[in-house]
Amino acid sequence: MCILRAGLMVPVRPSAVELPERVPGPPMTAFSDGSGTGGTSYNLGMLQQRTIKSLTRAVGVGMHSGQRVELTLRPAAPDAGIMFRRIDLPVPVDIPVSAQAVCDTRMASTLSPGGDPGAPKVQTVEHLLSACAGLGIDNLVVDITAEELPILDGSAASFVFLLQSAGIALLDAPKRFMRIKRAVEVDEAKGAARKWARLDPFHGFKLSFEIDFKHPALDQTGQRFEFDMSSGRYKHDIARARTFGFTKDVELMRSRGLSRGGSMDNAIVVDDYKVLNTEGLRYDDEFVKHKILDAIGDMWVLGHPLLAAYSAFKSGHALNNKLLRAVLADQTNYEWITFDDETRAPAGFTALAPAW
Ligand SMILES: [Zn+2]
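Residues numbered from 1 in each chain as written. Predicted model: local features only at pLDDT ≥ 70, side-chain atom pairs only at ≥ 80, totals over all residues.

## Focus: the overall build of the protein chain
So, point 1. Along the backbone of the protein chain there are seven helices and 19 strands.
So, point 2. Taken over 356 residues, the protein chain has a buried fraction of 46%.
So, point 3. Long-range pairs, those at least 24 residues apart, make up 77% of the contacts in the protein chain with a sequence separation of at least 6. (Helix = DSSP H or I, 4+ residues; strand = E, 2+ residues; numbered from the N terminus. Buried ≥ 20, exposed ≤ 12 C-beta atoms within 10 Å, placed from the backbone. Contact = placed C-beta atoms within 7 Å.)

Pasting the structure below:
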């Protein structure tokens, strides 16, 4: 098995970059918080959308496919959203992020155009999307040369580094938020096996996650963590948490064509008793922090920040996507808003760097 350690990252010098054509964003049911003029003549104090300043590249392998993949991140125009582009196909295929684009949630979040399972896909998007959320990136074009994003070091830290080395640019358009207006909860299974995830109204974005692994190695770590994006500590407290896997599951996963690129270079590997990585854990509670990292990325398939409190017990990619679809199924659950006066936005949303 060939593994590129942490990928090869190549920040590219700023250059003239073609911006894609502007595409419409979601309809605005409430255009502003009522403090400004709104419309297309933006006042200077509005909370702006972000993209990156210049293109940047990385090379690595897909966690599940084991395939080598080149990744190029490009600036995008206001309201373009985040768009994956399969440039390895004879005719490049664009895959815009949206909750409906999620077509597979086994072990990773996979997108296809409109969620069509027969269409070209992009797999394992959650760590890059988590980094975009952490840095407040609304618009981005992501060119890839294979079906799966590179796993790099198994966390979002490499993507944060890439995005920050490209530089973060403010755009002349108001940042759109989905504000949750009432609680929405989804669950799976009953009794002791029950898992759930929910969103409650909140002026900001915070997460509370609990895992429940009856395992000697995980029992020694914190299995519950709360994180508030307004703390400004995404990069320090969450982004470095790696994905994890159990040796007993590896054979089964590989028989299903999964985890072919997984190794101790890009995952925490746990046997029946202990963590096998010689360097140990990056955080005492790295497992639950990675679940928060994933949840942040899974929520960012909306392409916009949530104003909500997320909480979950043993949730994963499938339940996280089910939660977003439940929100979107009823328009009275949410509204789209912008902030004409950024000082009225929740704490942490306005700081450019370090973001959140
Ligand atoms: Zn993950």
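## Some remarks on the pairing of strand E13 (residues 195-201)
So, point 1. Direction of pairing for strand E12 (residues 184-188) relative to E13: antiparallel, over a ladder of five bridges. Within E13, the residue paired with Glu-185 across the bridge is Arg-198.
So, point 2. Linking E12 to E13, which pair antiparallel, is a turn of six residues; within it Ala-189 sits at a positive phi near 65 degrees.
So, point 3. Relative to strand E18 (residues 306-313), E13 is paired through six bridges, and the arrangement is antiparallel. (Pairing = 2+ DSSP bridges.)

## Some remarks on helix H7 (residues 317-328)
So, point 1. Here H7 contains twelve residues, and its C-alpha end-to-end distance of 17 Å stays within 8% of the 16 Å for a straight helix at 1.5 Å per residue.
So, point 2. If you check which residues of H7 are buried, you get His-317, Leu-319, Asn-320, Asn-321, Leu-323, Leu-324 and Val-327. (Expected span 1.5 Å × (residues − 1).)

## Notes on the environment of Phe-244
So, point 1. Mapped onto the fold, Phe-244 is located in strand E16 (residues 244-246).
So, point 2. Residue Phe-244 is classed as buried on the basis of its 20 C-beta neighbours within 10 Å.
So, point 3. The spatial distance from the C-alpha of Phe-244 to the C-alpha of His-290 is 8.3 Å, given a sequence separation of 46 residues.
So, point 4. Excluding anything up to four places from it in sequence, Phe-244 contacts Ala-267, Ile-268, Val-270, Phe-287 and His-290.

## Details of the confidence of the model for the protein chain
So, point 1. In the predicted model, the protein chain carries a mean pLDDT of 86, and the fraction of residues at 70 or more is 86%.
So, point 2. Here residues 1-42 scores under 50 on pLDDT; set against residues more than four positions off or in separate chains, the count is 88 contacts. (pLDDT = per-residue confidence, 0-100.)

## A word on the environment of Leu-149
So, point 1. When you line up the elements, Leu-149 lands in the loop between strand E9 (140-144) and helix H2 (157-166).
So, point 2. Remark: the alpha-carbon pair of Leu-149 and Ala-58, spanning 91 residues in sequence, is separated by 10.0 Å.
So, point 3. Beyond its immediate chain neighbours, meaning those up to four positions away, Leu-149 contacts Gly-62, Val-69, Leu-71, Val-122, Gln-123, Thr-124, Val-125, Leu-128 and Ile-144.

## Here's the deal with the packing of helix H1 (residues 126-135) against helix H6 (residues 286-299)
So, point 1. Running from amino to carboxyl end, H1 crosses H6 at an angle of 80 degrees, the nearest separation of the two axes being 7 Å. Overall, the two elements H1 and H6 adopt an arrangement that is roughly perpendicular. Residue-level contacts link Glu-126, His-127, Leu-129, Ser-130, Ala-133 and Gly-134 of H1 to Leu-293, Asp-294, Ile-296, Gly-297 and Asp-298 of H6.
So, point 2. Tallied by class, the residues present in the contact of H1 with H6 amount to four nonpolar, four polar and three charged. (Axes fitted to C-alpha atoms, helices over the stretch in contact; angles between N-to-C directions. Parallel < 35°, antiparallel > 145°, perpendicular 65-115°, else oblique. Nonpolar A, V, L, I, M, F, W, Y, C, P; charged D, E, K, R; others polar.)

## Comments concerning the packing of H6 against H7
So, point 1. Put simply, H6 and H7 touch, their axes get as near as 10 Å, and they point 35 degrees apart. Pair H6 / H7 crosses with right-handed handedness. Touching Asp-294, Ala-295, Asp-298 and Met-299 of H6 are His-317, Asn-320, Asn-321 and Leu-324, all from H7. (Left-handed = near helix turned anticlockwise from the far one by under 90°.)

## Thoughts on the nonpolar core
So, point 1. With 88 residues, the main nonpolar core has Cys-132, Leu-163 and Ile-292 as its most contacted residues.
So, point 2. If near-sequence neighbours (up to four positions away) are discounted, Ile-292 is found in contact with Leu-207, Phe-209, Phe-225, Phe-227 and Ile-238.
So, point 3. With five residues, the next largest nonpolar core counts Met-46, Leu-47, Ala-345 and Phe-349 among its residues. (Core = buried A, V, L, I, M, F, W, Y, C linked by C-beta atoms within 7 Å.)

## Concerning the pairing of strand E4 (residues 68-74)
So, point 1. The pairing of strand E3 (residues 56-61) with E4 spans six bridges and is classified as antiparallel. Along E4, the bridge assignment pairs Ala-58 with Leu-71.
So, point 2. Hairpin connection from E3 to E4: six residues lie between these consecutive antiparallel strands, with Gly-66 at a positive phi of about 75 degrees.
So, point 3. Note: E4 against E9, four bridges, orientation antiparallel. Looking at E9, one finds that Arg-74 is bridged to Val-141.

## Details of unusual backbone geometry
Glycine aside, a negative phi is what most residues show, and trans is what most peptide bonds show.
So, point 1. In this structure, Asp-79 takes a positive phi of about 65 degrees despite not being glycine.
So, point 2. The exposure class of Asp-79 is partly exposed, given the 18 C-beta atoms found within 10 Å.
So, point 3. The phi dihedral of Ala-189 is positive, around 65 degrees, even though this residue is not glycine.
So, point 4. Checked against the element boundaries, Ala-189 lands in the loop between E12 and E13.

## Focus: the environment of Val-142
So, point 1. One can find Val-142 in strand E9.
So, point 2. Val-142 sits 67 residues away from Pro-75 along the chain, and the two C-alpha atoms are 9.0 Å apart.
So, point 3. Once residues within four sequence positions are removed from consideration, Val-142 is found in contact with Leu-71, Leu-73, Met-83, Phe-84, Arg-85 and Leu-128.

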